[in-house]
Amino acid sequence: MFTPLRKGLSGRFLVVAGVAAVMALSTVPAQAADIPAPGEIVMSPNIEHVTNVPKPAALTDIHTDMAFQGDYAYVGNYTGFSIYDIRKPKKTSLVSSVICPGGQMDVAVYGNLLFGAVDSSRNNDSCSSTSQSASVKESWEGVRIFDISDKKNPKYVKAVETNCGSHTLTLVPGKGRDRRNVYLYISSYSPSASFPDCKPPHDLISIVKVPLADPAAASVVNTPVLFPPTEEEPNGGNPGEPDKQYPYRTSATTGCHDITVFPEKNIAAGACMGEGILMDISDPVNPKVTATARDDENFAFWHSATFNNAGTKVVFTDELGGGGAATCNAAIGPNRGANAYYDLAGGQLAFKGYFKIPRHQADTENCVAHNGSLIPVKGKDIMVQAWYQGGISVVDFTDSANPQEIAFFERGPDSTAPALDGGFWSAYYYNGYIYGSDFNLGLDVLKINDPRTNKAKGVKVDILNAQTQASYAERGHGDHDGHGDHDDD
């Protein structure tokens with residue numbers, strides 16, 4: 001997830017004969033001549049493009065992350081967020097948009113509340129705020145809370161200021177006697193000596209407690225340091241490689257970019273700029289780092305994390321170039337700007353392999369590993385994932401050392417926006433469909449039809465915040481959490 005340089009679709013099926021050809025997708029060499037024309041759609045034969053809902057005109061900036069609950073999808077935007085009715089996915093429609101500028105506006109939902117991350121220094125916390133330097137003590141950035149009980153008219157409830165803002169946020173439900181609260185793990189980074197509220201070292205996260213009965217009482221309850229200084233590393237965390245140049249430089253750790261929690265297993269995985277970490281979150285207010293992994297050879301910026309359903313593997317992504325560079329080409333190669341797969345062995349992270357989409361992209365196309373989620377298939381580890389202008393990819397990583405792409409969808413270069421400023425921010429599987437949040441082109445709905453994933457169609461959930469994982473029913477059929485099938489005609 002990045003701060004972008006500020007700023008007619010035509011359809012064509014990629015015709016590949018037979019299931020054997022689909023199975024061989026990942027073995028076909030990527031060729032520059034295969035780059036689609038601007039706006040042209042190409043996809044594997046096991047993907048169906050169900051619909052596209054254009055970005056609302058009222059939201060003048062790019063779409064960002066998504067969350068789902070019941071029959072609704074929530075899509076963030078640098079200038080606010082939108083709510084979509086997905087009861088009938090083929091007829092997905094806009095319900096409302098809220099104008100409330102302050103990027104990135106990553107979103108999470110719970111009950112009647114929506115939480116939005118603001119990592120843009122503002123002159124105040126209101127929805128009419130304007131940009132103001134973080135060097136001004138009175139500037140605000142952090143988390144906004146909205147009441148979404150009326151989908152057509154959401155209400156702004158509360159703002160909570162956090163150190164260095166909130167680049168991303170992760171929702172952690174309370175358990176047992178604490179179930180009347182939720183917690184937000186706030187990830188932020190890039191401190192500066194000139195920022196009164198964001199000075200280095202910034203080796204911490206902020207934890208916000210939200211009483212569900214009184215969300216206006218939300219507040220920061222802890223700022224645990226995840227990377228304490230040591231004799232070897234007095235600044236804490238990975239010192240990075242400041243003397244190396246792109247694409248060979250590893251970022252220093254000055255906070256985390258994103259955290260994914262698996263509450264029922266009391267674990268979390270953090271992607272923290274210069275390293276990936278595991279945490280014990282049995283006490284959600286006091287998470288403890290239990291393992292660390294580094295990759296100074298191929299990883300530039302540890303961006304996000306996804307567990308498999310068993311909680312025995314973690315997929316980390318590398319956001320080489322900050323999401324604003326062309327990295328899916330022969331010059332960068334297959335191991336940079338990629339996914340890295342780790343098995344959990346003896347409580348530690350054991351590296352197994354890399355995956356990067358096998359199709360070359362144009363030099364005008366920003367392309368790098370980004371946000372995705374599991375497709376709930378019994379006995380398999382399969383994930384759908386966004387790659388900015390590299391499109392959407394479905395990967396089977398059941399064999400961690402040999403992940404294989406089994407489906408894809410992409411467009412040619414986005415001619416509606418400046419170069420290196422387009423593509424899919426997130427791609428998530430929710431109740432039988434894949435939803436993709438495109439920077440400029442809106443919300444895409446896809447459907448995968450493949451023997452390897454078809455069992456997932458019977459697994460239904462009531463909520464999806466991708467950074468708050470819950471295990472799905474390993475039986476691979478029937479309802480999960482009581483949410484029945486939809487009529488999608």
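Treat the numbers as computed from the prediction; the structure is a model and nothing was measured. (Residues numbered from 1 in each chain as written. Predicted model: local features only at pLDDT ≥ 70, side-chain atom pairs only at ≥ 80, totals over all residues. Heavy atoms only, no water.)

Asker: Go over the pattern of salt bridges, please, and point to the residues and values.
Answerer: Here the structure, examined in full by the defined rule, presents 11 salt bridges. For Glu233, the salt bridge is made with Arg294, and the minimal N-O distance between the two is 2.7 Å. A residue pair is termed long-range when its members are at least 10 positions apart, and Glu233 in the loop between strand 15 (219–222) and strand 16 (258–262) and Arg294 in the loop between strand 19 (288–293) and strand 20 (302–307) qualify at 61 residues. Across the salt bridge formed by Lys244 and Glu241, the nearest N and O atoms sit 3.2 Å from each other. We classify Glu241 as buried; its relative accessible area is 15%. Where salt bridges share partners, they join Glu233, Glu275 and Arg294 into one cluster. (Salt bridge = Lys/Arg side-chain N within 4 Å of Asp/Glu carboxyl O. Helix = DSSP H or I, 4+ residues; strand = E, 2+ residues; numbered from the N terminus. Buried < 20%, exposed > 50% of the residue type's maximum accessible area, 1.4 Å probe, protein only.)

Asker: Could you give an account of the packing of aromatic side chains, naming the residues involved and the relevant values?
Answerer: All told, the structure shown has 19 aromatic pairs when counted by the stated rule. Look at Trp302 and Tyr342: their rings are 6.1 Å apart centre to centre, the planes differ by 40°, and that puts the pair in the tilted class. Of the two residues, Trp302 sits in strand 20 while Tyr342 sits in strand 22 (residues 339–345), which places them 40 residues apart along the sequence. Exposure class is identical for Trp302 and Tyr342. Each is buried. A centroid spacing of 4.8 Å and a plane angle of 55° characterise the contact between Phe351 and Tyr354, whose relative ring orientation is tilted. Taken together, the aromatic side chains of Phe299, Trp302, Phe316, Tyr342, Phe351 and Tyr354 make up a single cluster linked through ring pairs. Over the ring of Phe262 we find Lys265; its NZ or CZ atom is 5.3 Å from the centre of that ring. In this structure, Arg359 is placed above the aromatic ring of Phe408, and the distance from its NZ or CZ to the ring centre is 3.9 Å. (Phe/Tyr/Trp six-rings, centres within 6.5 Å; stacked < 30°, edge-to-face > 60°. Lys NZ or Arg CZ within 6 Å of the ring centre and 35° of its normal.)

Asker: Tell me about the pairing of strand 5 (residues 72–77), and name the residues and values.
Answerer: Summarising burial for strand 5: 5 of the 6 residues are buried, a large majority. Across 5 bridges, the pairing between strand 4 (residues 63–69) and strand 5 is antiparallel. Residue pairing for strand 5: His63 is matched across the bridge by Asn77. The loop that links strand 4 with its antiparallel partner strand 5 comprises 2 residues; one of these, Gly70, has a positive phi angle of about 55°. Note that strand 5 and strand 6 (residues 80–85) share 6 bridges and pair antiparallel. Paired with Gly76 across the two strands is Phe81, which belongs to strand 6. (Pairing = 2+ DSSP bridges.)

Asker: Tell me about the sheet that holds strand 10 (residues 140–147), residues and numbers included.
Answerer: On the basis of which strands lie adjacent, the open sheet formed by 4 strands has the order 8-9-10-11 and antiparallel pairing. The open sheet is flanked by strand 8 (104–110) and strand 11 (155–161), the only strands paired with a single partner. Along the sheet, successive strands turn relative to each other by an average axial angle of 25°, direction set aside. (Axes fitted to C-alpha atoms, helices over the stretch in contact; angles between N-to-C directions.)

Asker: How would you sum up the state of the cysteines? Please name residues and give values.
Answerer: According to the stated counting rule, one finds 4 disulfides in the structure shown. Between the sulfur atoms of Cys256 and its disulfide mate Cys272 the distance is 2.1 Å. Between Cys256 and Cys272 the sulfur-sulfur dihedral comes to about 75°; the bridge is accordingly right-handed. Here Cys272 lies in the loop between strand 17 (267–271) and strand 18 (276–280) and Cys256 lies in the loop between strand 15 and strand 16, a separation of 16 residues in the sequence. Here Cys256 matches Cys272 in class, with each residue buried. (Disulfide = S-S within 2.5 Å.)

Asker: Give me the lowdown on the nonpolar core, citing residues and values where you can.
Answerer: Among the nonpolar cores identified, the biggest contains 20 residues, and Ile375, Val384, Ile392, Val394, Phe409 and Ile434 are the most heavily contacted of them. When contributions to this core are tallied by element, the ones reaching two or more residues are strand 2 (40–43), strand 25 (382–386), strand 26 (392–396), strand 27 (404–411), strand 28 (424–430) and strand 30 (442–448). Not counting chain neighbours up to four residues away, the residues in contact with Ile392 comprise Val384, Gln385, Ala407, Phe408, Phe409, Phe424, Ala427, Ile434, Gly436 and Leu446. Counting 17 residues, the second-largest nonpolar core is a separate cluster that includes Val50, Val53, Phe68 and Leu443. (Core = buried A, V, L, I, M, F, W, Y, C linked by side-chain atoms within 4.5 Å. Contact = heavy atoms within 4.5 Å.)

Asker: With reference to specific residues and values, describe the pairing of strand 29 (residues 433–438).
Answerer: Here strand 29 lies mainly inside the structure; 6 of its 6 residues are buried. Side chains Tyr433, Tyr435 and Ser437 of strand 29 all project onto a buried face; the interleaved residues Ile434, Gly436 and Asp438 project onto the opposite face, where all are buried too. Relative to strand 29, strand 28 runs antiparallel, the two being bridged by 6 bridges. Residue pairing for strand 29: Phe424 is matched across the bridge by Asp438. Taken together, strand 28 and the strand that follows it, strand 29, pair antiparallel across an intervening segment of 2 residues, in which Asn431 is found at a positive phi of about 50°. In this structure, strand 29 lies alongside strand 30, joined through 5 bridges in antiparallel fashion. When the bridges of strand 30 are listed, Asp438 appears paired with Gly442.

Asker: An account of unusual backbone geometry is requested, with residue identities and associated values reported.
Answerer: Trans is the common state for peptide bonds, and a negative phi is the common state for residues other than glycine. Residue Gly103 is joined to Gln104 through a cis peptide bond whose omega torsion reads 5°. Along the chain, Gln104 falls in strand 8. Cis geometry is found at the peptide bond from Pro200 to Pro201, where omega equals -5°. Tracing the chain through its elements places Pro201 in the loop between strand 13 (181–187) and strand 14 (206–211). Notably, Cys164 is not glycine yet its phi reads approximately 65°, a positive angle. Topologically, Cys164 is positioned in the loop between strand 11 and strand 12 (168–173). Despite not being glycine, Met273 has its phi angle at roughly 70°, a positive value.

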